[in-house]
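Examining the three-dimensional arrangement
Listed below, chain by chain, are the residues.
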Amino acid sequence: MARLVKRGEAMPDWEADNESEHDVGVVTESQKQVKKPPLYKVLLHNDDFTTMEFVVDILRNVFHKSELDAVHIMLAVHQQGMGVAGVYTYEIAEAKVNKVTQLARDNEFPLLIGRRLMLTPELQHTIQRTFEEALQRRHEYVTLEHLLYALLDEKTGSDVIQHCGGNVTALKHELEQFLTQSLESLPKTRRVKPDYTAAFERVLERAAMQAQGSGQTAIDGGNILAAMFQERHSHAVYLLAKQGISRLDVLNYIAHGVSKLEAGAGDDASQP
């Protein structure tokens, strides 16, 4: 019999007294393989709003590409939907992503960096409208309430809400009240550049994972709505819950086409 004892730790008296040379065993700790950390690609994704000039500029100034290389990568982003800006250690890649994201925000571009999937053209337009809504209202941040408000004006978003049993008009009215009464508008003397909240970014990331897991080629408004529900402290989620809409309702509809409207129609039809 053998057991591990830390080096320098005293052996209990009863074990020392009863141990013979035949009882002694040798225990060796299996050697763990140490893997070299991988390198990470920083990907730039195409959208309908970020200018080619801006992409070339960040490739030159953040990723230190030559003019010719920057143009080639920009064209790959524009024509193929994605381009590799560089390959780095995780820490450096993360720092460059954060820097470019901030530059995009400062210049009011919704540049997509490192997303697993593209956004549908409809959702790209919705996210742009989300930013414009916050800007017009002179809000400091672009929140999930701005996002939900904009989703109600797109076909995919409004269809999901209706098929999950929600009332688009009533929901939009409540969101309007929240955006007007609960979020502070900055003074007109200050220049407004709304920042996306951390919750907004998390929802986009979750939506990308959900869409990828479903085998989709692009993220749409349904994925965004499903991803919102994990932000439990969000007023947007509270308003969806008030409408009787749950994450399961959204997933059932976008994944399987299960509609509360059809269920309701069936129930009504069965009544005498």
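All values derive from a computational prediction rather than experimental measurement.

What the chain contains, in helices and strands, is 13 helices and 7 strands. Here the chain holds 272 residues, and the buried ones make up 40% of them. A sequence separation of at least 24 residues applies to 71% of the contacts in the chain between residues at least 6 apart. Accessible surface computed for the chain: about 16,500 Å², of which carbon and sulfur atoms make up 51%.

Applying the stated criterion to the full structure yields 10 salt bridges. The salt bridge partner of Arg 60 is Glu 67, with a shortest N-O separation of 2.6 Å. Glu 67 gets classed as partly exposed once you look at its relative accessible area, which sits at 41%. Among the salt bridges present, the one from Arg 206 reaches Glu 231, with a minimum N-O distance of 2.6 Å. Note that Arg 206 is positioned in helix α9 (residues 198-213) and Glu 231 in the loop between α10 (221-228) and α11 (235-242), a separation of 25 residues in sequence. Residue Arg 206 is classed as buried on the basis of its relative accessible area of 18%. In this structure, a network of salt bridges that share partners links the residues Arg 129, Asp 153 and Lys 172.

Those residues of helix α7 (residues 155-163) that fall on the buried side of the exposure criterion are Gly 157, Ser 158, Val 160 and Ile 161. Along α7, the residues classed as buried sweep out an arc of 160° about the axis, all on the same side. Packing partners of the buried residues in α7 comprise α6 (144-151), α8 (168-181), α10, α11 and α12 (247-256). Directly after α7, the chain includes Gly 165, whose backbone phi takes a positive value near 90°.

The description of an aromatic ring pair rests on the distance of the ring centres and on the angle between the ring planes. By the definition in use, this model includes 3 aromatic pairs. With a centroid separation of 6.1 Å and an interplanar angle of 35°, the aromatic rings of Phe 131 and Tyr 196 are classed as tilted. Within this pair, whereas Phe 131 is found in helix α5 (residues 121-136), its partner Tyr 196 is found in strand β6 (residues 195-196), the two being separated by 65 residues in sequence. Like Phe 131, the residue Tyr 196 is buried in the burial classification. For the pair Tyr 196 and Phe 200, a centre-to-centre distance of 4.7 Å together with 50° between the ring planes defines the contact as tilted. You can call Tyr 196 buried: its relative accessible area is 13%. Grouping aromatic residues by their ring pairs yields a cluster made of Phe 131, Tyr 196 and Phe 200.

Judged by side-chain polarity, Leu 39, Val 84 and Val 87 come together as a nonpolar surface patch covering roughly 260 Å² of accessible area. Within the secondary structure, Val 87 sits in strand β2 (residues 82-88).

Where α7 contacts α10, the axes come no closer than 8 Å and their chain directions differ by 50°. As summarised for this structure, α7 and α10 are arranged oblique, according to the angle between their axes. Contacts between α7 and α10 involve Thr 156, Gly 157, Val 160 and Ile 161 from the first element and Gly 221, Gly 222 and Leu 225 from the second.

Another point: the confidence of the model for the chain. Per-residue pLDDT for the chain averages 81, and the proportion of residues at 70 or more is 79%. Between the elements of the chain, mean pLDDT differs from a low of 40, seen in helix α1 (residues 13-18), to a high of 98, seen in α7. Below pLDDT 50 for its whole length, residues 265-272 participates in 0 contacts with residues either more than four positions away or in separate chains.

This next bit is on the nonpolar core. By size, the foremost hydrophobic cluster in this structure holds 42 residues, and its most contacted members are Ile 224 and Met 228. Top contributing element to this core by residue count: α9, with 7 residues. With sequence-adjacent residues up to four places away left out, Met 228 is seen in contact with Leu 144, Leu 147, Leu 148, Leu 151, Val 203, Val 237 and Leu 240. Val 42, Leu 59, Val 62 and Val 100 belong to the second-largest nonpolar core, a separate cluster that totals 18 residues.

The rules we used
- Residues numbered from 1 in each chain as written.
- Predicted model: local features only at pLDDT ≥ 70, side-chain atom pairs only at ≥ 80, totals over all residues.
- Heavy atoms only, no water.
- Helix = DSSP H or I, 4+ residues; strand = E, 2+ residues; numbered from the N terminus.
- Buried < 20%, exposed > 50% of the residue type's maximum accessible area, 1.4 Å probe, protein only.
- Contact = heavy atoms within 4.5 Å.
- Areas by Shrake-Rupley, 256 points an atom, 1.4 Å probe, with all protein chains shown as cover.
- Salt bridge = Lys/Arg side-chain N within 4 Å of Asp/Glu carboxyl O.
- Arc of directions from axis to C-beta.
- Phe/Tyr/Trp six-rings, centres within 6.5 Å; stacked < 30°, edge-to-face > 60°.
- Patch = residues over 30% accessible without salt bridge, like charges linked within 9 Å, V, L, I, M, F, W, Y side chains within 5 Å.
- Axes fitted to C-alpha atoms, helices over the stretch in contact; angles between N-to-C directions.
- Parallel < 35°, antiparallel > 145°, perpendicular 65-115°, else oblique.
- pLDDT = per-residue confidence, 0-100.
- Core = buried A, V, L, I, M, F, W, Y, C linked by side-chain atoms within 4.5 Å.

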